[in-house]
Each structure stands twice: as structure tokens, then as C-alpha cells.
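# Results of the structural survey
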There are 2 protein chains.
Amino acid sequence: MALLDTRGVDALTMRNIAEGLGCTQASLYRHVRNREELVTLLVDRALSVASSVPPGDTDWAEKAAWSARLFREHLLRHPGVASLLRGTERLGPNSLAGVQYSLDLFIGAGFSPRLAYAAAASLATFIIGSVNFNLGLDSSDPEESRHRRLLYRSRDAATLPLIVQHADALAEVSSDDEFEVGLKALLTGFRALIQNPDITHD
Amino acid sequence: MALLDTRGVDALTMRNIAEGLGCTQASLYRHVRNREELVTLLVDRALSVASSVPPGDTDWAEKAAWSARLFREHLLRHPGVASLLRGTERLGPNSLAGVQYSLDLFIGAGFSPRLAYAAAASLATFIIGSVNFNLGLDSSDPEESRHRRLLYRSRDAATLPLIVQHADALAEVSSDDEFEVGLKALLTGFRALIQNPDITHD
DNA sequence: ACCTGAACACCGTTCAAGT
DNA sequence: ACCTGAACACCGTTCAAGT
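Residues numbered from 1 in each chain as written. Chains lettered and ligands numbered in written order. Predicted model: local features only at pLDDT ≥ 70, side-chain atom pairs only at ≥ 80, totals over all residues. Heavy atoms only, no water.

- Per an unreviewed UniProt entry, chain A goes by TetR family transcriptional regulator and derives from [Actinomadura] parvosata subsp. kistnae.

### As for the packing of helix H5 (residues 60-77) of chain B against helix H12 (residues 175-195) of chain B
All names here are of chain B.
- Axis separation between H5 and H12 bottoms out at 11 Å; the angle between their running directions is 150°. When the interaxial angle is binned, H5 and H12 end up roughly antiparallel. Between H5 and H12 lies a crossing whose hand is right-handed. Residues Trp 60, Ala 61, Ala 64, Ala 65, Ala 68, Arg 69 and Arg 72 of H5 form the contact with H12, whose own contacting residues are Ser 175, Asp 176, Phe 179, Glu 180, Leu 183, Leu 187, Phe 190, Arg 191 and Ile 194. (Axes fitted to C-alpha atoms, helices over the stretch in contact; angles between N-to-C directions. Helix = DSSP H or I, 4+ residues; strand = E, 2+ residues; numbered from the N terminus. Parallel < 35°, antiparallel > 145°, perpendicular 65-115°, else oblique. Left-handed = near helix turned anticlockwise from the far one by under 90°. Contact = heavy atoms within 4.5 Å.)

### Quick look at the interface of chain B and chain A
- The interface is formed by 60 residues belonging to chain B together with 60 residues belonging to chain A.
- Summed over both partners, the interface of chain B with chain A buries about 5500 Å², with 70% contributed by carbon and sulfur atoms.
- In this structure, the connection of chain B to chain A is made through four salt bridges.
- On inspection of chain B and its partner chain A, the count reaches 10 residue pairs in polar contact (both at pLDDT 80 or more). (Buried area = accessible area lost by both parts, 1.4 Å probe. Salt bridge = Lys/Arg side-chain N within 4 Å of Asp/Glu carboxyl O. Polar contact = N/O pair within 3.5 Å; in protein donor to acceptor, adjacent residues only side chain to side chain.)

### Points about helix H2 (residues 14-21) of chain A
Residue and element names in this part refer to chain A.
- Regarding H2, the residues found buried are Met 14, Asn 16, Ile 17 and Ala 18.
- Buried-residue contacts for H2 involve helix H1 (2-7), helix H3 (25-31) and helix H4 (35-46).
- Among the residues trailing H2, Gly 22 stands out with phi positive, at a value near 75°. (Buried < 20%, exposed > 50% of the residue type's maximum accessible area, 1.4 Å probe, protein only.)

### What to know about the protein's contact with DNA strand C
- Near DNA strand C lie 16 residues; those nearest to it are A:Thr24, A:Ser27, A:His31, B:Arg15 and B:Tyr29.
- The share of sugar and phosphate among atoms of DNA strand C within 4 Å of the protein is 52%.
- A distance of 2.8 Å separates a phosphate oxygen of DNA strand C from a polar atom in the side chain of A:Ser27.
- At 3.0 Å from a phosphate oxygen of DNA strand C is found a main-chain nitrogen or oxygen belonging to B:Met14.
- Elements with a contribution of two residues or more to the surface near DNA strand C: H3 of chain A together with helix H2 (14-21) and helix H3 (25-31) of chain B.
- With five residues, H3(A) is the largest single contributor of residues to the surface near DNA strand C.
- When grouped by side-chain class, the residues that make up the surface near DNA strand C number six nonpolar, seven polar and three charged. (Near = heavy atom within 4 Å. Nonpolar A, V, L, I, M, F, W, Y, C, P; charged D, E, K, R; others polar.)

The following block contains the structure:
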């Protein structure tokens, strides 16, 4: 985990891990079937934040938003974990604790267990996807926004008129903004689904 | 692309690509700076579906849902592409065509350019995240559902009561269900944001 | 049981040398 | 300009041999 945080996902090799642990690479295969199993264990351990509890005097949507932001910030602080996060470790103990917590929240809000599960999965998918999709980019870097503005401006106005026309406004939208809009939409949508469950299939 | 589809992402090595092209691996570096650049080019090319046009006699939300499903199905048919899809190729020509199309749709629905962009990005993030997160799993495989049911049932009822209690119902939720719930929630949320823009920040 | 050293079959990338 | 062969410094994994 220390190796992943300090030197990134590319440095997470069996040789480097073994060195950090003070043994040979071959020794690792006594404790783990292969590299993938090691990664799965590592990622599940890194997911322990999922069980943090939000402030208690708010409604379910605010709690969900709080937890979603906490989870996202945790992943942003540990980009290596985010890049390794695939469906594989979904069934690990810490992931399941997160599922249990989400079910509790969404069932309490009025969802059926089925819908609560799907809603929790959607939210997790969005959070993880959001971090993964912005991994290379640093939203706090003003250079990134400038780079995108210049790129948008220089596109072909005949085929991409809206991008060229609104280049300045679009370049200002950060990954934080994207996340907040999506989060808000998801939670608002969840609330509508609770109040009117028959629209779940149209 | 053929190599990626038939033999998967692990087989997409410079040596295999060169072989398929009938040259040496070293020759590839005449046309491309490194492997990452080649992948970026490949993925953007694979994203050309993004510009398919939905049936015209429906409202913006139905068009968005149609395009979202089309995009997801395309990625599911080409899992290798999904696994390579990171933020890197976001600025390629095909990606930008998709952005232009989404902006057109969402601005037409009543969003400001900024919000339209954020909404489009959220939706894309959700679709890609959804496919990526379910990459290893085959939702059409009944064995997968059974495996999850048994796993949920056998958890500790004291720490994960809801998972154990609703094991059967939860195991039946497929990645298709998850996607549809999330998509519905996002689009419903977008509609609410359009009708009441001041809730964009609370 | 756990560890080691050495090997195996791979990677991405570079570079002098060819045409 | 484009290609080649050969090399470099890495991978994940295996296995006989040690304790």
C-alpha cells in the first residue's frame, strides 16, 4: 500500500513488493496464488473508508452525498487504488460492508431491497468511474483548463460548432463540477424513483 | 483492433501488433511515440459509434437513453476497448463528436452550456464506469447469480444483516438492472435540474 | 512449512546498421 | 524516410534445492 501510494501502480511489481517486505519475489507465491489475488486483497483493504459514518442529523440523501464525497476524496488521495479498482474485489469484506451500509440507507429511504441494491451499485459505479476517468488530470491545475480551452477553440467550427462556440465556458468545468452535477442528478432521480416506483421500467 | 477483440487486452503487445501488420516491433516506433499513444489512437477510433443518431420523434431524455444504451452495448461487445478507456483519449476527434452531440441534446433540453457539458460528462462517466466495473462478470451467466447468492447467504448475519436477509433478491439484480436504474435516475435528475436550476449547488 | 537462486518466456523501448 | 536485428532492462511465474 505504501509502495502503491508513493511510487504508483507501475511500481507495484512482485519484485518491488518483495523488496519492501524483505524477501524474494518467489516467496510471495507462498502466500498468494498470483499477482491478481494480491491486488484484490490490497484493494479491498484500501476500501475500508466505505464504512465511515456520516453526521446523524440529516436525511438519507445528504448522508449519501456525504459518503459519496468522502469515498471520492479517499480515491483521489490514493489514485493507485482507483486505477486498480475493478469489479474483481467487489465481494471482499470491506466492499460488502459498504453494500450493507448503502442498503441500510436506501431501504430506510423507502427503496425495495432490489432497488436499493441497484441504486447503491449505480452510485458506486459513478464515483469510481468519475475518479478513474479523471485519473491523469489534475483539476486544481489552471494549466489543464487553459489547455482544454485552446483545444476547444481550435476545433473545426463546421463539425463541432457548440464546442467552439462555448469553448471558454466548457473549459472551465472541472471534474469536481462534473461530479457534483452527476451526484445531484442521481440523488434527485433516486428520490423521484421512491415517490413513483412504477417509472422504474418505461 | 481485430487483435484486441479476438485475443483481449493482454495480447495487445507491440510484438503482436507488429506481427499482425507484417513488420517488426521496432518499426512501430516510426509511426507512434510509444505504446500509450498507439492505444489512445486505437480507442478513439473505436469510439466512432458515439455519433450514431437516435430515432427523431422522441424527446431529449429518450434520445439520451437510446444513445447511452447504444454506447454501452458497443462497449460490452468490445470489452477490450472498455478496459483501455481512460481519460486519455477524451480529446480525440470521435470523443469530441460525442461531446458535440451531447451538448446539442442537453442544451436543446434547456441546460446552460456549462450544465450540459457536466451532464454529458456524468452520463459518459456512468456508462463507461458501469461497463468497466462489470468487465469480468457475465450477466447472462446464471452461474454468476447463483455464486453471488451463496456468497451473500453465507456472510455473517450479525455484521451484514441486510445482505444475508435479502441475499436471494440481491443476487438476482443484474448489471443490466443496475445500469437501467442508474440511467433512469440520472435522466430524471437532469430533468429536475432543468426545471429548477438553483438546486445545482446546495 | 517457508524461503532462496536461478531460470523461463515474456514485456516496452532503443539504436546502430541497412535500403 | 522507413525498416531490421539485436540488445537492454524490465516483467510474472515456476521449480528444484535448501532449512
